[in-house]
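Reading the structure
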Amino acid sequence: MKFINPYVFAVATLLMVSCSSKKETLSLKDAYKNDFYIGTALSADQIQGKNTKEDSLIKKEFNAITAENIMKSMFVHPQKDKYNFTLADKYVAYGEKNKMFIHGHTLIWHSQLAPWMEKIKDSTEMKAFMKDHITTIVSKYKGRIGSWDVVNEALNEDGTLRKSVFLNTLGEQYLVDAFKLAAKADPKVDLYYNDYNIEDPAKRAGAIALIKKIKAAGGKVDGVGIQGHWRLASPSIEEIEKSILEYSALGIKVAFTELDITVLPNPWDLKGADVNQNFEGSEKMNPYPKALPDSIQNKLAERYASIFKLFLKHKDKISRVTFWGVHDGQSWLNDWPIKGRTNYPLPFDAQLKHKKAYDSILQLKAKKE
Ligand code: G3I
């Protein structure tokens, strides 16, 4: 038997323990606690803590939450005279219990509307709907929810206004009305305009014009939500930076509200998240059904690192960075724009293990401190 020096043994053990316990305490929310909130989007099951492993991961890594679906109008307001707050109540209670920043998503959106809302044809009925919908929901969670996406995705790619049921019945005034109603229901809550691809120049110009108009008409806009459904090579860091600077020059907060990065081929070179489009796929379009090759894993890590490096540079302007989902297995990108693919857009894989992307995001802070 070899002789082991007890002193060397003790020091080595101590080092191992301290290294592993240091690793244990590392988390995204702790690393970025002096910079901005690190959020995630929760599914209905996650809100109810159905999977214990996911639940511990959420509590360990994130200090802000968004409900991925259950606060959308079709779920909370399924019929004209009926609201269903069962899951929304659980969501808010979850955030409070875990001392997280709670974001409300979303009040006025053309998608995921209840069927009765889509049938609204005239301005009187639409005005009544908006007043009832916004006032009821925002008042209910007054003082408990920190910020709301008041209007979601009101713009076309060229920066013009989307011909939604709201625009068609009320004209542009619906944007101002929505922000005024929300501010009246909870004067202290932060109110956001949230959209995808609004870092692209044309759509960004549209979003800036829209926010200016709402403010000029007396609406309270506290922030812009850049969704951040991005790709490995685009948008460029330069365009993201210009966006941070231009939006923040309006005197509002900038949040990255739905961050994820697709690694899969996109047949129609679709950008962002127009959820109305769905396409059948082929095996060629689903190249990594079992695992992500190291080369792409590294690219994803580098992409996240350059994005977070930029976020840190402008941390004084950024309120929150929220990933759109806790782990890859849950991501909407497995089903869009082609159903049934295997995508890898988040820092945690489907087994809840952290990826190189996670390490690269943490690494930025390690270098600084
Ligand atoms: O509720 C039904 C359920 O009853 C049914 O059993 C199940 C069968 O597939 O479908 C359920 O509905 C799904 C819904 O999510 C709730 O889970 C829809 O099929 C599915 O299309 C829907 O997708 C959501 C999408 O918004 C809808 O527009 C995604 O989960 C959600 O991640 C996505 O999130 C949006 C943001 O809210 C706004 N910005 C873009 C972003 C990505 O599209």
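Residues numbered from 1 in each chain as written. Predicted model: local features only at pLDDT ≥ 70, side-chain atom pairs only at ≥ 80, totals over all residues. Heavy atoms only, no water.

1. Looking at the UniProt feature "active site" (unreviewed entry) in the chain
Mapped onto the present numbering, the UniProt feature "active site" (unreviewed entry) falls at Glu 258. By relative accessible area, which is 5% here, Glu 258 ends up buried. Here Glu 258 is in contact with His 105, Asn 194, Ile 226, Gln 227, Gly 228, His 229, Thr 322 and Trp 324, once residues within four sequence places are set aside. (UniProt positions renumbered as here; feature names shortened; annotations may be inferred. Buried < 20%, exposed > 50% of the residue type's maximum accessible area, 1.4 Å probe, protein only. Contact = heavy atoms within 4.5 Å.)

2. Examining the side chain of Ser 147
Structurally, the position occupied by Ser 147 is in strand E5 (residues 147-152). Ser 147 gets classed as buried once you look at its relative accessible area, which sits at 1%. For Ser 147, the side chain forms a polar contact with the side chain of His 103, separated by 2.6 Å. If we ignore the near neighbours within four places in the chain, the residues touching Ser 147 are Phe 101, Ile 102, His 103, Gly 104, Val 189, Asp 190, Tyr 192 and Arg 320. (Helix = DSSP H or I, 4+ residues; strand = E, 2+ residues; numbered from the N terminus. Polar contact = N/O pair within 3.5 Å; in protein donor to acceptor, adjacent residues only side chain to side chain.)

3. What about the site of the ligand?
In the vicinity of the ligand there are 17 residues, among which Glu 68, Lys 72, His 105, Glu 153 and Glu 258 approach most closely. Note that an oxygen atom of the ligand is positioned 2.5 Å from one of the side-chain N or O atoms of Glu 68. In the environment of the ligand, an oxygen atom lies 2.6 Å from a nitrogen or oxygen atom belonging to the side chain of Lys 72. Here the shell around the ligand is composed, by residue class, of six nonpolar, seven polar and four charged. (Near = heavy atom within 4 Å. Nonpolar A, V, L, I, M, F, W, Y, C, P; charged D, E, K, R; others polar.)

4. Quick word on the packing of helix H8 (residues 123-140) against helix H10 (residues 173-185)
Between H8 and H10, the least distance of the axes is 8 Å, while the angle of their chain directions is 30 degrees. Crossing of H8 against H10: the hand is right-handed. Contacts between H8 and H10 involve Lys 127, Met 130, Lys 131, Ile 134, Thr 135, Val 138 and Ser 139 from the first element and Tyr 174, Asp 177, Ala 178, Leu 181, Ala 182 and Ala 185 from the second. Class assignment of the residues belonging to the contact of H8 with H10 gives a composition of eight nonpolar, two polar and three charged. (Axes fitted to C-alpha atoms, helices over the stretch in contact; angles between N-to-C directions. Left-handed = near helix turned anticlockwise from the far one by under 90°.)

5. Quick look at the pairing of strand E7 (residues 223-226)
Burial of E7 is two-sided: the residues Gly 223 and Gly 225 facing one way and the residues Val 224 and Ile 226 facing the other way are all buried. Bridge analysis of strand E6 (residues 190-195) against E7 gives four bridges, and the strand direction is parallel. What sits directly across from Asn 194, in E7, is Gly 225. Taking the sense of rotation as the criterion, the β-α-β connection linking E6, helix H11 (residues 201-216) and E7 turns out right-handed. Of the pairings in the sheet, the one linking E7 to strand E9 (residues 253-262) comprises four bridges and is parallel in character. Bridge pairing in E9 links Val 224 to Val 254. (Pairing = 2+ DSSP bridges. Right-handed = clockwise from strand over helix to strand, strands pointing away.)

6. Side note on the pairing of E6
Across the six residues of E6, six count as buried, placing the element largely inside the fold. Going residue by residue along E6, you find Asp 190, Tyr 192 and Asn 194 tucked away on one face and Leu 191, Tyr 193 and Asp 195 tucked away on the opposite face as well. Across five bridges, the pairing between E5 and E6 is parallel. Across the sheet, the residue bridging to Ser 147 is Asp 190, located in E6.

7. Considering the pattern of salt bridges
Tallied over the full model, the rule gives 18 salt bridges. A salt bridge links Lys 203 to Asp 195, with the nearest nitrogen and oxygen atoms 3.4 Å apart. In this pair, the class of Lys 203 matches that of Asp 195, namely buried. Residue Lys 313 pairs with Glu 241 through a salt bridge whose shortest N-O separation is 2.7 Å. In this pair, Lys 313 is assigned in helix H13 (residues 294-313) and Glu 241 in helix H12 (residues 237-248), connecting sequence segments 72 residues apart. Glu 241 sits in the buried class, given a relative accessible area of 18%. Via salt bridges that share partners, Arg 204, Glu 239, Lys 242 and Glu 246 belong to a single interconnected network. (Salt bridge = Lys/Arg side-chain N within 4 Å of Asp/Glu carboxyl O.)

8. With respect to H8
Structurally, the α-helix is built with 3.6 residues per turn, so residues lying three or four positions apart point the same way. For H8, which comprises 18 residues, the first-to-last C-alpha distance of 25 Å matches the rise-based estimate of 26 Å (1.5 Å per residue) to within 8%. Of all the residues in H8, the buried ones are Met 126, Phe 129, Met 130, His 133, Ile 134, Ile 137 and Val 138. Along the axis of H8, the buried positions cluster into a sector of 115 degrees, meaning they face one direction only. Within H8, the exposed residues directed more than 90 degrees away from the buried face are Thr 124 and Lys 131. Those residues of H8 that are buried are in contact with helix H5 (73-76), strand E4 (108-109), helix H7 (115-118), E5, helix H9 (165-170) and H10. (Expected span 1.5 Å × (residues − 1). Arc of directions from axis to C-beta.)

9. Some words on the packing of H11 against H12
Where H11 contacts H12, the axes come no closer than 11 Å and their chain directions differ by 10 degrees. By the angle between their directions, the pair H11 and H12 is classed as roughly parallel. Note on element contacts: H12 touches H11 through Glu 239, Lys 242, Ser 243, Glu 246 and Tyr 247, opposite Pro 201, Arg 204, Ala 207, Ile 208 and Ile 211. (Parallel < 35°, antiparallel > 145°, perpendicular 65-115°, else oblique.)

10. A short note on the nonpolar core
If you look at the biggest cluster of nonpolar residues, it comprises 102 residues, and the most contacted ones within it are Trp 148, Phe 308 and Phe 311. Excluding its chain neighbours within four sequence positions, the residues that come into contact with Trp 148 are Met 71, His 103, Gly 104, His 105, Leu 107, Ile 137, Val 138, Tyr 141, Val 189, Asp 190, Leu 191 and Tyr 192. The next biggest cluster of nonpolar side chains, apart from the first, holds five residues, and it includes Ala 41, Trp 324, Trp 332 and Leu 333. (Core = buried A, V, L, I, M, F, W, Y, C linked by side-chain atoms within 4.5 Å.)

11. Quick word on the environment of Gly 95
The residue Gly 95 is located in helix H6 (residues 86-97) in this model. Residue classification places Gly 95 among the buried positions, given a relative accessible area of 0%. What Gly 95 contacts, discounting residues up to four positions off in sequence, is Ile 65, Met 100 and Ile 102.

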